[in-house]
Amino acid sequence: MLHLMEPAKRAAELRREIERNNHLYYVLDQPQISDTEWDRMFRELQEIETAHPELRTPDSPTNRVGAKPLSKFEQHRHLVPMLSLDNSFSEAELRSFDERVKKGLGVTGDIEYHAELKFDGGSISLTYIDGLLEVATTRGDGVVGENVTPNAKTVRGIPLRLQKPLPGTIEVRGEVVMFKEHFKWINEKRAARGEQVFANPRSAASGGLRQLDSKLTAERKLNFFAYGLGAVRLERGTRPGSEVSTDEGHEGSPIEGLPNTQNGLLQFLKQQGFAVHPDHAVLPGIEDVVKYVEVARSKRASLPFLIDGAVFKVNRLDQQEELGFSNRGPRWAIAFKYPAEQTFTKLNAVLLQVGRTGVVTPVADLEPVQISGVTVTRATLHNWEDIGRKDVRVGDTVIVQRAGDVIPEVVGPVLDKRIGDPPLPVEPTHCPECGAELIRSPGEVAIKCPNRHCPAQVAAKLGHWASRGAMDIEKLGWKTIERFLELGLLTDIPSIYRLKDRRQEMLELDRMGDLSVDNLLQGIEESKHKPLDRFIFGLGIRFIGDRGAQDLAREFKSLQAFREATYEKLEKIPDVGPRTASELSLWLEEEANQKMISELQELGVKPVEPDKPVSDVFEGKTFVFTGSLDKFTREDAERLVDKLGGKAAGSVSKNTSYVVAGPGAGSKLAKAEQLGVHVLDEDAFLEMVPPELSATLQGK
Ligand code: IVH
């Protein structure tokens, strides 16, 4: 049997290495090896296990790609029921929860809470016996769930073995989610194969868990985030389902050897190898709970997965136990639910919109519908390829989504509700506004109107120039722009600055008295000296948003240097990708654009260049501000860093010198801690600032 010794050793070594790297990748977000290297180790392990089936182990990472199909799910009784949470929808409801908690505990002072994200997926209970994952169960009716163990083994963030195995039984609870990026990718693949697309990541995730063939679960690339414990019985060898005692190890009860706070519990779970999302925080009282609702809401759109709210739990586990449960759920926790971001409505027509860069976008004309408190009548259909892929037809009932501040979009049709077989909308060949033949650049899905004088394009350009994030000319709204374009008072951006010579013509118009003309002209005059980044943003160059414009202004410092930027120079700027560099350099190379900038300068437009550093105390230092800052605004602090010769960045990397974290800081703070980046609170940051300048930051 000597020949078996080698493969056995190698298999064990590979398993250890693969699991270690999975942990680095999925839990710590710090991969140390390439995907190819991982694949190579994985294949080698699979080969050894195929050649020597006796070497297979239940916790082998090869089990993660899917085991033999099941014919049906077995029922599994949770040791501790999986309860639901009470919901709240307003600050008042949160405050009355706090009152109930205080009354229940008989305290008058502040209660310490623990804030978490409310993951929008499918909940799962994982039973570990002596450190090994034995059973994974869906919630089911809360008392009995379905045994989906082979499926759970394919989910990232669920360890097959605890890092520090505990003798006895422990139920770990959490949520299985599908990342937005995987959702998009999977739906694209399904649409390409002519299969029905998933309505949302939640149903794709919970449906994914309930596949009889775990290979299908594996294909869905699901992720797990742990948020709590069920039963904990730290005696050796207990099998789940035996000796169910209802008063033992309830969620939240303090158990010897385990942490005594919810926050400690999450840290413990992380140490045990579970993925724990870094956005969680200990909050000293209800005031911070109320603030956290907004912190999490502002993160919602940028998180890679869906959340439908935040969850607040009494942090001390002894207090949790004292409060106990009502029929519905724990008295020590509450969910704050954000309004639904998806709904159904009817697609009445597909309209065409010509944007400021000439891109012609199909826009859905919808039966008006409320999403997160806003009436939506229009939503983007992105491009014609997308319409075809999603198979959207006029008259269909469609799923509409409005995520955060993002423009509402049509996710796809509800095929069951389609009436008849309406034809697919036809891609236009000519601009709906000026009739020019539309063009498509190689490798692009967008179709463009090449006519820079196209009235719709000009109107969109002017509207963007005058908009709040750009030159902020309040009195030059869309209606005025359209009216002035029709009358020939405006023709292009420079013509805005010639309006002062056409005062009389403006006064002759309806609803344009002396006062409104004066206000308009004053707004235009003031816009001549806006910061350089707003000027660059206002030019409306494709792919250059407000943040991108700030980076460019910081980099080039003067309009002249910006005008002369070449592809080679642009590409070297850390936050500028090749696509943006190419679009921007082409824009700058175009004579008409350079002419427009010169014309603006001749008309007196002189953007304010970023301040020269007044000191070099921050020279060579990069700062990232995160969390809800109490003492100053992020924008003011970033400007000050600039003034002091430093750089403010949006994300944490090993090149970050300091992370300044306010209450509720989450993933950036966690990343800083992982990378060993210096973390400061607001006061410590203020101390670094010369006293005469720190005053410019106070007073938020
Ligand atoms: S704690 C006994 N924490 O929300 C309380 N639940 O509406 C157990 N959920 O079924 C739940 N994120 O699937 C908790 N951070 C979080 C959560 C969370 C999502 C889900 C969970 C539960 C549902 C309740």
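Residues numbered from 1 in each chain as written. Predicted model: local features only at pLDDT ≥ 70, side-chain atom pairs only at ≥ 80, totals over all residues. Heavy atoms only, no water.

Participant: Any chance you could break down the side chain of threonine 149 for me, citing the residues and the numbers?
Facilitator: Following the sequence through the fold, threonine 149 ends up in helix H4 (residues 149-152). Classification of threonine 149 as buried rests on a relative accessible area of 8%. At 3.0 Å, the side chain of threonine 149 and the backbone nitrogen of alanine 136 are in polar contact. Not counting the four nearest positions on each side in its chain, threonine 149 is found in contact with Glu134, Val135 and Ala136. (Helix = DSSP H or I, 4+ residues; strand = E, 2+ residues; numbered from the N terminus. Buried < 20%, exposed > 50% of the residue type's maximum accessible area, 1.4 Å probe, protein only. Polar contact = N/O pair within 3.5 Å; in protein donor to acceptor, adjacent residues only side chain to side chain. Contact = heavy atoms within 4.5 Å.)

Participant: Lay out the site of the ligand with the relevant residues and their values.
Facilitator: Around the ligand sit 13 residues in total, of which Glu116, Leu117, Glu175, Tyr227 and Lys313 are the nearest. Between the ligand and the protein, one listed contact pairs a nitrogen atom with a backbone N or O atom of leucine 117 at 3.0 Å. Taking serine 123, its side chain carries an N or O atom lying 3.4 Å from an oxygen atom of the ligand. Expressed as a share of its isolated accessible area of 530 Å², the protein-covered part of the ligand is 92%. Of all the elements in the fold, those that place two or more residues in the shell around the ligand are strand S3 (113-119) and strand S10 (307-314). Ranked by residues supplied to the shell around the ligand, first place goes to S3 with 4 residues. (Near = heavy atom within 4 Å. Areas by Shrake-Rupley, 256 points an atom, 1.4 Å probe, with all protein chains shown as cover.)

Participant: Describe the environment of glutamate 37, and please don't skip the residues or the numbers.
Facilitator: Mapped onto the fold, glutamate 37 is located in helix H2 (residues 35-51). Relative accessible area serves as the criterion here: at 30%, glutamate 37 is assigned to the partly exposed category. Between the C-alpha atom of glutamate 37 and that of glutamate 599, which follows or precedes it by 562 residues, the distance is 56 Å.

Participant: Tell me about helix H13 (residues 478-487), and please be specific about residues and values.
Facilitator: Structural remark: α-helix, 3.6 residues per turn; residues separated by three or four positions point the same way. Within H13, burial applies to Thr480, Ile481 and Phe484. With its buried residues spanning 100 degrees around the axis, H13 presents them on a single face. Exposed side of H13, more than 90 degrees from the buried face: Lys479 and Glu486 are the residues found there. Of the surrounding elements, those touching the buried residues of H13 are helix H12 (455-466), helix H15 (503-507) and helix H16 (514-526). (Arc of directions from axis to C-beta.)

Participant: Requested: an account of the sheet that holds strand S19 (residues 647-648), with residues and values cited.
Facilitator: One key point about sheets: their strands pair by backbone hydrogen bonds, in either a parallel or an antiparallel sense. Spatial strand order, S19-S18-S20-S21: 4 strands in an open sheet with parallel pairing. Single-partner strands in this sheet number two, and they are S19 and strand S21 (678-680). Each of strand S18 (622-626), strand S20 (658-661) and S21 is contacted by helix H24 (residues 667-675), which is oriented at about 140 degrees to S18, the strand it contacts most. (Pairing = 2+ DSSP bridges. Axes fitted to C-alpha atoms, helices over the stretch in contact; angles between N-to-C directions.)

Participant: Summarise the sheet that holds strand S5 (residues 132-138); cite the residues concerned and give the values.
Facilitator: Read across the open sheet, the 4 strands follow the order S5-S4-S7-S8; overall the sheet is antiparallel. With partners counted over all chains shown, the strands left at the sheet margins are S5 and strand S8 (223-233), one partner each. Within this sheet the neighbouring strands show an average axis-to-axis angle of 25 degrees, counted without direction. As defined by bridge partners, strand S7 (residues 169-177) adjoins S8 across 8 bridges and the pair is classed as antiparallel. Looking across to S8, one finds that isoleucine 170 is bridged to valine 232. Seen against the sheet, helix H8 (residues 262-271) touches S7 and S8 and runs at an angle of roughly 110 degrees to S8.

Participant: Any chance you could break down the pairing of strand S11 (residues 333-337) for me, citing the residues and the numbers?
Facilitator: Within a regular strand, side chains alternate between the sheet's two faces. Summarising burial for S11: 4 of the 5 residues are buried, a large majority. In this structure, strand S2 (residues 87-88) lies alongside S11, joined through 2 bridges in parallel fashion. Paired with asparagine 87 across the bridge in S11 is alanine 335. When S10 meets S11, the two strands line up antiparallel, connected through 5 bridges. Each residue of the ladder has a partner; that of glycine 309, found in S11, is lysine 337.

Participant: I'd like a rundown of the side chain of lysine 102, residues and numbers included.
Facilitator: Here lysine 102 lies in helix H3 (residues 91-105). According to the relative accessible area criterion, lysine 102 is buried, its value standing at 13%. Leaving out residues up to four positions away in the same chain, lysine 102 has contacts with Val107, Thr108, Gly109, Asp110 and Ile111.

Participant: An account of unusual backbone geometry is needed here, citing residue identities and associated values.
Facilitator: Positive phi values are uncommon outside glycine, yet aspartate 130 reaches one of about 50 degrees. Structurally, aspartate 130 is set in the loop between strand S4 (122-129) and S5. Since its relative accessible area comes to 28%, aspartate 130 is described here as partly exposed.

Participant: Before we move on, could you go through the nonpolar core and cite the residues and values that matter?
Facilitator: Core analysis: the biggest nonpolar cluster contains 49 residues, and Trp465, Leu552 and Phe562 have the highest contact counts within it. If you look at the next biggest cluster of nonpolar residues, it comprises 35 residues, including Phe73, Val172, Ile186 and Ala205. (Core = buried A, V, L, I, M, F, W, Y, C linked by side-chain atoms within 4.5 Å.)

Participant: How would you sum up the state of the cysteines? Please name residues and give values.
Facilitator: Enumeration over the complete set of coordinates arrives at 0 disulfides. You can see cysteine 434 has no disulfide; the closest cysteine sulfur is in cysteine 449, sitting 3.6 Å from it. We classify cysteine 434 as partly exposed; its relative accessible area is 29%. In this model cysteine 454 remains outside any disulfide bridge; the closest cysteine sulfur is found in cysteine 431, 3.8 Å from its own. Under the relative-accessibility criterion, cysteine 454 is labelled buried at 0%. (Disulfide = S-S within 2.5 Å.)

Limitation: the analysis is restricted to geometry and does not speak to function.
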